[in-house]
Amino acid sequence: MEKQNIDWGNLGFGYIETSKSYVSDFRNGEWDEGRLTSDHTVTISECAGVLQYAQTVFEGLKAYTTEDGRTVAFRPDLNAERLYNSACRLEIPPFPKDRFIEAVREVVKANESYVPPYGSGATLYIRPYIFGSSSVIGVKPAEEYQFRILTTPVGPYFKGGAKPLTIKIADFDRAAPRGTGHIKAGLNYAMSLHAIVQAHNEGFAENLYPDSATRTKVEETGGANVIFIKGNKFVTVSSPSILPSITRRSLEYVAEHYLGMEVEEREIPLTELPEFEECGLCGTAAVISPVGKIVDHGREICFPSGMDEMGPTTKKLYDTLTGIQMGRIEAPEGWIFEI
Ligand code: PLP
Ligand code: COI
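The rules behind these values
Residues numbered from 1 in each chain as written. Chains lettered and ligands numbered in written order. Predicted model: local features only at pLDDT ≥ 70, side-chain atom pairs only at ≥ 80, totals over all residues. Heavy atoms only, no water. Near = heavy atom within 4 Å. Polar contact = N/O pair within 3.5 Å; in protein donor to acceptor, adjacent residues only side chain to side chain. Areas by Shrake-Rupley, 256 points an atom, 1.4 Å probe, with all protein chains shown as cover. Helix = DSSP H or I, 4+ residues; strand = E, 2+ residues; numbered from the N terminus. Nonpolar A, V, L, I, M, F, W, Y, C, P; charged D, E, K, R; others polar. Expected span 1.5 Å × (residues − 1). Buried < 20%, exposed > 50% of the residue type's maximum accessible area, 1.4 Å probe, protein only. Patch = residues over 30% accessible without salt bridge, like charges linked within 9 Å, V, L, I, M, F, W, Y side chains within 5 Å. Salt bridge = Lys/Arg side-chain N within 4 Å of Asp/Glu carboxyl O. Domains from an automatic or database assignment.

Looking at the site of ligand 1
No. 1: Around ligand 1 there are 17 residues in total, and Y189, E220, S245, T247 and T284 lie nearest to it.
No. 2: For ligand 1, an oxygen atom lies 2.8 Å from a polar atom in the side chain of R82.
No. 3: Notes on ligand 1: free accessible area 380 Å², of which the protein chains cover 97%.
No. 4: Listed by contribution, the elements that provide at least two residues to the shell around ligand 1 are β11 (218–221), α6 (246–257) and β15 (278–283).
No. 5: In terms of residue class, the shell around ligand 1 is made up of five nonpolar, eight polar and four charged.

Given below as structure tokens:
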């Protein structure tokens, strides 16, 4: 496959139009058969549900070129399932999971020349989403929807690649108890924009949100789950208001079954932060981005792994996960989806 003439090694996390997007419309109570389109714009009513009441949910996954030249995606069945759950929570008609997976295959195949070559450090980011497209003015669900998948080649989410980040304990709340923190709804990101701009202005890479009810426990950042290392333990957050990260769940398996670590998924009080040796942010976009320092309103928590490079255990987790994704290390059954 002839690849596009793109400077893959210098890509950031931005949008570049590719060849095709996938689209399916929901009208008269059902999803149509779907199709590829070269039209990367959307025309909808000025009164569409998505514009007035933010009725939209999305997903994020990636396609990779493996060491032996295949194009693969990572666990798209879990994205299909999460989008399904997100849609139900916002009264959006869910897109059938088997059709989601086939749509991912179709759209990646159509954009294969944009899947970055093996070893380039870049990947093809896949963004499926659904939005209310028909007009609503009273507060209620739309009657018509569009499911789309756009793709775009991306590099590292955080500038500086694998350099440890400094993050802050957020001044704002992300997700209410019994709210929408556990689903991937655009509204969760809209309300994080003010907090992220403020954090960036103060020199921080991200916000680490505490739980909204008590502000005493770790939740997650604006766009990734958090992971911690303590001796031979891989510790992650258990909370009903964080997004169930596919990367985090995969890393829990990798830590236990590939690295022989003990895995703990539990509540993490903020007071425990100084006890951890390493910390990282994990997600499709973030992969694993190491955290060197957390600042809690002037109090600095500096992890022993330091500010120069990824800690040794985080590095092993990173190498194993990306090795599995790029075909260098044998994957657990069902994790690698051949395009
Ligand atoms: N948490 C939030 C708020 C996110 O936006 C993401 C990104 O998808 C994640 C966690 C990581 O989830 P995943 O590993 O499934 O990409
Ligand atoms: C992803 O990791 O796929 C996300 O959606 C996170 C977003 C902040 C880019």
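Things to note about helix α2 (residues 76–89)
No. 1: With 14 residues, α2 extends 20 Å between its outermost C-alpha atoms, agreeing within 8% with the 20 Å of an ideal straight helix rising 1.5 Å per residue.
No. 2: Residues of α2 that are buried include every one of P76, L78, N79, A80, R82, L83, S86 and A87, and no others.
No. 3: Just downstream of α2 lies E91, where phi reads positive at about 55°.

Examining a nonpolar patch on the surface
No. 1: Judged by side-chain polarity, Y53, I137 and V139 come together as a nonpolar surface patch covering roughly 350 Å² of accessible area.
No. 2: Following the sequence through the fold, Y53 ends up in helix α1 (residues 49–53).

Some words on the site of ligand 2
No. 1: Looking at ligand 2, the residues that line it are F13, F58, G60, Y125, R127, Y157, K184, G223, T284 and A285.
No. 2: R127 is positioned such that a nitrogen or oxygen atom in its side chain is 3.5 Å from an oxygen atom of ligand 2.
No. 3: Within the contact set of ligand 2, an oxygen atom lies 2.8 Å away from a backbone nitrogen or oxygen of A285.
No. 4: Computed on the free molecule, ligand 2 has an accessible area of 280 Å², of which 89% lies beneath the protein chains in the complex.
No. 5: Looking at side-chain class alone, the shell around ligand 2 contains five nonpolar, three polar and two charged residues.
No. 6: Both domains that meet at the shell around ligand 2, namely domain 1 (8–154) and domain 2 (165–322), each give it at least three residues.

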